[in-house]
Amino acid sequence: YNTREEIEMTIGNPETARKMLKRLGIEETLYYEKQRAIAGIEGCDVCLDHIKGIGHYVEVEGDKYYISKWLKDHNLQNRPIEKRNYLDCMLFIIK
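The text that follows walks through the structure, step by step, so that each part is easy to find.

Calculation rules
- Within any chain, residue numbers begin from 1 and follow the written order of that chain's sequence.
- Since the coordinates come from a predicted model, pLDDT governs what is reported: local features require at least 70, and pairs of side-chain atoms require 80 or more to be given and counted, while whole-chain, interface and lining totals use all residues.
- In computing side-chain properties, one takes all heavy atoms of the structure into account and sets aside hydrogens as well as water.
- Cysteine sulfur atoms that pair up within 2.5 Å are treated as a disulfide.
- By convention, a stacked pair of Phe, Tyr or Trp rings (six-membered ring in the case of Trp) has centres within 6.5 Å and planes under 30 degrees apart, an edge-to-face pair has planes over 60 apart, and any other such pair is tilted.
- For helices the rule is a DSSP run of H or I covering at least 4 residues; for strands it is a run of E covering at least 2, with both sets numbered from the N terminus onward.
- Exposure classes here rest on a 1.4 Å probe applied to the protein chains alone. A residue is buried below 20% of its type maximum, exposed above 50%, and partly exposed in between.
- We call a charge positioned over a ring when the NZ of a Lys or the CZ of an Arg lies within 6 Å of the ring centre and within 35 degrees of the ring normal.
- In these notes, a set of buried Ala, Val, Leu, Ile, Met, Phe, Trp, Tyr and Cys residues joined through side-chain atoms within 4.5 Å is what counts as a nonpolar core.
- In what follows, a contact means two residues having at least one pair of non-hydrogen atoms within 4.5 Å.

## Observations regarding the state of the cysteines
Next, step 1: Applying the stated rule across the entire model yields 0 disulfides.
Next, step 2: Considering cysteine sulfurs only, Cys47 is the nearest to Cys44, which forms no disulfide, with 9.9 Å between them.

Here's what the structure looks like:
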């Protein structure tokens, strides 16, 4: 389960955002492309992700109770859980 806080926002102009971050001293480490389909199912957001260069992932977001229930209901409770974020996965692959 992801225990890190996620902060999400809409960026109207990605190039302006890159310039702003660069001026703040934050350099781009790695770029990746993600396609996502989201379905609200049984108290969870079930996200079907495809990360170019990594593959396909299912990300289940929501309250821990509903996530555990959803995994059990779909016989996925014993499947490996990837705890790394996509950046860490990409860095592991390119090493």
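Next comes the rest of the description.
## Here we look at the packing of aromatic side chains
Next, step 1: Across all of its chains, the model carries 3 aromatic pairs by this definition.
Next, step 2: For the ring pair Tyr32 and Tyr86, a centre distance of 6.1 Å and an interplane angle of 75 degrees mean the geometry is edge-to-face. On the criterion of sequence distance, the pair formed by Tyr32 in the loop between helix 1 (14–23) and strand 1 (34–41) and Tyr86 in helix 3 (residues 86–94) is long-range, its members being 54 residues apart.
Next, step 3: Its relative accessible area of 31% is what places Tyr32 among the partly exposed residues.
Next, step 4: Measuring from centroid to centroid gives 5.0 Å for Tyr65 and Tyr66, while their planes differ by 80 degrees, and the two rings are edge-to-face.
Next, step 5: A relative accessible area of 53% means that Tyr65 is categorised as exposed.
Next, step 6: Look at Tyr66 and you get partly exposed, because its relative accessible area is 38%.
Next, step 7: Here Arg84 stacks its cationic end above the ring of Phe92, 4.9 Å away from the centre of that ring.

## Things to note about the nonpolar core
Next, step 1: Listed in full, the 6 residues of the largest apolar core are Cys44, Val46, Val60, Ile67, Trp70 and Leu71.
Next, step 2: Among the elements of the structure, strand 2 (44–51) and helix 2 (64–73) are those that each provide at least two residues to this core.
Next, step 3: Residues contacting Val46, with those up to four places away along its chain left out, are Ala37, Ile38, Ala39, Ile41, Val58, Glu59 and Trp70.
Next, step 4: Of all hydrophobic cores here, the second largest spans 5 residues; its members include Ile51, Ile54, Tyr86 and Met90.

## Examining unusual backbone geometry
Next, step 1: The backbone of Glu42 sits at a positive phi, close to 50 degrees, despite the residue not being glycine.
Next, step 2: Note that Glu42 resides in the loop between strand 1 and strand 2.
Next, step 3: Of note in the backbone geometry, Asn75 takes a positive phi value of approximately 55 degrees without being a glycine.
Next, step 4: Secondary-structure assignment places Asn75 in the loop between helix 2 and helix 3.

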